[in-house]
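# Structure assessment
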Amino acid sequence: MTQRPEDLVELLPGADRFLAREEAAGGPEGRRGLVLVHDIAGDFDAAHAGALAGSHLLAGLPHEVIARFDADALVDYRAHRPRVTFSGDRYETFHAPEIQLYAVEDDGGSPFLLLHGTEPDFQWERFVAAVVQLVERLGVTSVVALHAIPMPVPHTRPVTVTAHATRRALIEHYPIYWGEMRIPGSVASLLEIRLGEAGVDALGVAVHVPHYLAQATYPAASLTLLEHLEQLTGLHVPVESLREAAEAHRTEVDEQIARSAENTAVVAALEQQYDAFTSARENS
C-alpha cells in the first residue's frame, strides 16, 4: 500500500485562514511572502542553539499549532528516549516527541510559520514531501533553517555563521568559507535540496559554536540565529532576554576558563587562530 506524504500530517483549524488566503491569491504571483522558519536540526544543532531559538520565539510571541506530524511514525524512541515521569510508586506522564507547525505573529504583527520539534529518524523523503506540500498549500514563499555546528572558535570573539541557500542571491552578503565537502546528511539539508528543486526559495544559517561548548547551552548562538533571521526576512522578534542570558553565560564561561591554565591556553590559541584567519580574509 502506497503511503502518501499528506498522511503524515494533520491540519488543524488554525490552518484554515492560510488555506483561504492562498486560495484567494489565485496563484504564486498573488502570494504575500509568508516565511516558514524551522529548527529541525537534530544532531546538527550544537548546543541546541536552533532548538533554543525556536523555543524562544514560542515563549515570546503569540502562536497557535496549525498542523501536527505523526512523530510516532517518524522518531526512533530507542535512539531518542522520551522522558517519563515516575512518582513514588507509579509512572505518571509520558512526554512524547512532537513535530508541530505553528502560526506565529512577530512583534510587528506580521504572521510567519515555525516548524519546531524532533528531527525525524525515519521516512525522510516522505516527511520532506509532506512539508513541501504544506509550503505550497499555505502560500509559503521562503523557508529559513536555523541550526548550529561545532567549530574550533573561541567564545571571546564575535559569533560567526555559515549561510547556505538554493540561490546565491538570497545570501549574497555572506562570505563563503568552504569548498566542496561530503558531510553527514540531515532532514534540514534534504528539505532545502527538495525545495530548491520545487522552485521554492530556501536558505539557512548555521551558527559556529565553540567546540568546547557544543554539549552545553550557548545563548549567544541562539541570539545570533535570531539576529540573522531578522536580517534575512525582515521579521521583528524579541531578543533582549536572550541577549541578557548570553552576557551572563559569557561571564560564567570566562570564570570557568580562568580556573584552569590549560583551558586558558587553549582559548588563547583559538583566539590567535581566529584573528589570523579574520585578518587574512580582510586583506584578500
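Refer to the structure above for everything that follows.
My aim in this report is to walk through the structure given alongside it, one point at a time. Throughout, a residue's number is its position along its own chain's written sequence, starting from 1. It should be noted that, the model being predicted, local features are given only for residues of pLDDT at least 70 and side-chain atom pairs only at 80 or more, the latter also being counted only at that level, while totals for whole chains, interfaces and linings use all residues. Side-chain figures throughout are based on the complete set of non-hydrogen atoms in the structure, without hydrogens or water.

All right, on to the side chain of S142 then. Helix and strand definitions here come from DSSP, where helices need a minimum of 4 consecutive H or I residues and strands a minimum of 2 consecutive E residues; each element is numbered from the N-terminal end. Mapped onto the elements of the fold, S142 is located in strand β8 (residues 140-151). If sequence neighbours within four positions are ignored, S142 has contacts with L34, V35, L36 and D201. The contact criterion used throughout is that any non-hydrogen atoms of two residues lie within 4.5 Å.

To continue, consider the pairing of strand β5 (residues 90-95). Strand direction decides the pairing type here: strand β4 (residues 83-87) and β5, joined by five bridges, are antiparallel. Residue F86 lies in a different strand from β5, and its bridge partner there is Y91. Here β4 hands over to β5 after two residues, with G88 in that stretch at a positive phi of 65°. Any two strands are treated as partners once DSSP identifies two or more bridges connecting them.

Note that patches include only residues with greater than 30% relative accessible area and no salt bridge, and the join distances are 9 Å for like charges and 5 Å for nonpolar side chains (Val, Leu, Ile, Met, Phe, Trp, Tyr). For every accessible area listed, the method is Shrake-Rupley and the probe measures 1.4 Å; residues are considered covered only by the protein chains on display. Every case where a carboxyl oxygen of Asp or Glu lies within 4 Å of a side-chain nitrogen of Lys or Arg is listed as a salt bridge. A surface patch of nonpolar side chains, about 470 Å² in accessible area, is lined by V84, F86, Y91 and F94. When residues of the nonpolar patch are traced back to their parent elements, those giving at least two are β4 and β5. For F94, the location among the structural elements is in strand β5. Buried means the residue's accessible area, taken with a 1.4 Å probe over protein chains only, is under 20% of the maximum for its type, while exposed means over 50%, and partly exposed covers the values in between. Among the residues examined, F94 registers a relative accessible area of 47% and is labelled partly exposed.

This next bit is on helix α5 (residues 187-197). Along an α-helix, residues three or four apart share an orientation, since each turn contains 3.6 residues. All of the buried residues in α5 are V187, A188, L190, L191, E192 and L195. The secondary structure elements touched by the buried residues of α5 are β2 (34-38), α4 (124-138), β8, β9 (161-165) and β10 (201-210). Backbone geometry just downstream of α5 places G199 in the positive-phi region, at approximately 80°.

The next subject is the pattern of salt bridges. Taken as a whole and assessed by the stated rule, the structure comprises 13 salt bridges. With a shortest N-O distance of 3.5 Å, R4 and E6 are connected by a salt bridge. Overall, E6 belongs to the partly exposed group, its relative accessible area being 31%. With its nearest N and O atoms 3.3 Å apart, the salt bridge here joins E227 to R243. With E227 in helix α6 (residues 219-233) and R243 in helix α7 (residues 240-258), this pair connects stretches of sequence that are 16 residues apart. Put simply, R4, E6 and D7 are held in one network by salt bridges that share partners.

None of this, on its own, says anything about what the molecule does.
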